[in-house]
Amino acid sequence: MPRFLHTADWQIGRHYGQFDPDDAVPLAEARFAAVERLAMLASEHRVDAVLVAGDVFDAQTVSDRTVRRLFNALAAYAGPWILLPGNHDAALAESVWSRALRLAAVPANVHLALEPGVLDFAERGFVALAAPLTQRHTYSDLTAWFDSAETAPGLLRIGLAHGSVQGILAEDIDSANPIAAERAARARLDYLALGDWHGTRRIDARTWYSGTPEPDRFKANESGQALRVEIDAPGAEPQVSALASSRYRWRSLSEILNVESDVDRLLENLAQAGPDDVLELTLQGRTDLAGHRRLAQAVGELQARVRSVRSDLSGLRLLPTEDDIAALQADGYLGAVIAELREQQQQGERADVARDALALLAGFLAERQPAGGGTR
């Protein structure tokens, strides 16, 4: 019963430019750690091969050190690794792959599928039909030759490809590097391991995207895992199960606040976040001064507790109540300024500036008040 570990889209060497350096570096390092976990999973589950369906590297220009580190990360699994070039690391005449070979960085158990062809692993009960990308974008189906490929009877036919299954994925990514949706059936494949889609996705019983082993975006697409694939015999339906491989959880929280209980619920949710969370927080609606202070305090504490938090409060209006204004004891000129800022929040272009200015002014006035009341 041959068993495989299917993974893809490692994108080693990726830079997270949208994050501060303090967060970007650990997120980039996590991709190496994910590969090390994959090697351990492959060894633990005693798979016959690891199928890596493209985009091993994020770019052709990664450093020599990064190339060497990647291949060192495979050490925990001594069986075959089959690495397929994708659109980020296409097998160009001069590429990250040719550089890796010159560096003598590729271990003997790592098989680079740099050209279309059949890789024979008869001793392990299968052959691999590989369709590497030899340029970043193609507009013909590079898996078409699978249909006529002859392989020895009694061996599993395993396909590897990187691209967009036509008619299934979103229209805006449905043009370059096309793959026919019925390719597995046409080519008599026992399993077709795909890369390019960063989440786990079943196309049909024999065709799967594994997704990236370490999340890299705020999409609920079941990323952060690899697929264990077991096939009893040629023609048998694969048994596919997901194995967790990630460290960080990327979560997007979007809330509309209108009443105090909405703030309470949000703060309870944020309190559950820990050091392995990467959060995107988007708030809309309205809150009074007390609610705004509680939110500011919670976000400040959150920034020190989680791996990263990106917050967008541009849709949240600060609407002090009459009691809020009275408590600030802002008469005369300050009272007029607060009234003007409250009014500007209702206008489009300067609403954000007015909200932030009102929050700063209210905070300053609140700090000036002695514990027993009155102004200093």
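The structure under discussion appears in the preceding block.
Residues numbered from 1 in each chain as written. Predicted model: local features only at pLDDT ≥ 70, side-chain atom pairs only at ≥ 80, totals over all residues. Heavy atoms only, no water.

1. Let's talk about the layout of surface pockets
No. 1: In this structure, the second largest pocket spans a volume of roughly 310 Å³.
No. 2: Elements with a minimum of two residues in the lining of the second largest pocket: α1 (21-44) and α2 (64-72).
No. 3: Among the elements that line the lining of the second largest pocket, the one with the most residues is α1, at 7 residues.
No. 4: Broken down by class, the residue content of the lining of the second largest pocket amounts to 8 nonpolar, 5 polar and 6 charged. (1 Å grid on protein atoms, 1.4 Å probe; cavity = no way out; pocket = protein on both sides within 12 Å on 5 of 7 lines; lining within 4 Å. Points joined across faces, edges and corners; volume = space filled by probe spheres on them. Helix = DSSP H or I, 4+ residues; strand = E, 2+ residues; numbered from the N terminus. Nonpolar A, V, L, I, M, F, W, Y, C, P; charged D, E, K, R; others polar.)

2. What to know about the nonpolar core
No. 1: Core analysis: the biggest nonpolar cluster contains 32 residues, and Leu5, Trp10, Phe57, Phe71, Trp81 and Leu83 have the highest contact counts within it.
No. 2: Of all the secondary structure elements, the ones that give two or more residues to this core are α1, β2 (49-52), α2, β3 (81-83), α3 (96-102) and β4 (110-112).
No. 3: Counting residues per element, this core draws most heavily on α1, which supplies 6 residues.
No. 4: Setting aside its immediate chain neighbours within four residues, Phe71 contacts Phe57, Leu83, Trp97, Ala100, Ala105, Val106, Pro107 and Val110.
No. 5: Of all hydrophobic cores here, the second largest spans 20 residues; its members include Ile82, Phe126, Ala128 and Trp208. (Core = buried A, V, L, I, M, F, W, Y, C linked by side-chain atoms within 4.5 Å. Buried < 20%, exposed > 50% of the residue type's maximum accessible area, 1.4 Å probe, protein only. Contact = heavy atoms within 4.5 Å.)

3. Section: the side chain of Asp58
No. 1: Along the chain, Asp58 falls in the loop between β2 and α2.
No. 2: Although buried, Asp58 forms no salt bridge, and the nearest oppositely charged side chain, Arg14, lies 5.1 Å from it.
No. 3: Within the structure, Asp58 has its side chain in polar contact with the side chain of Gln11 (distance 3.1 Å).
No. 4: Residues in contact with Asp58, not counting those within four places in the same chain, are Gln11, Ile12, Gly13, Arg14 and His88. (Lys, Arg positive; Asp, Glu negative; His and termini not counted. Salt bridge = Lys/Arg side-chain N within 4 Å of Asp/Glu carboxyl O. Polar contact = N/O pair within 3.5 Å; in protein donor to acceptor, adjacent residues only side chain to side chain.)

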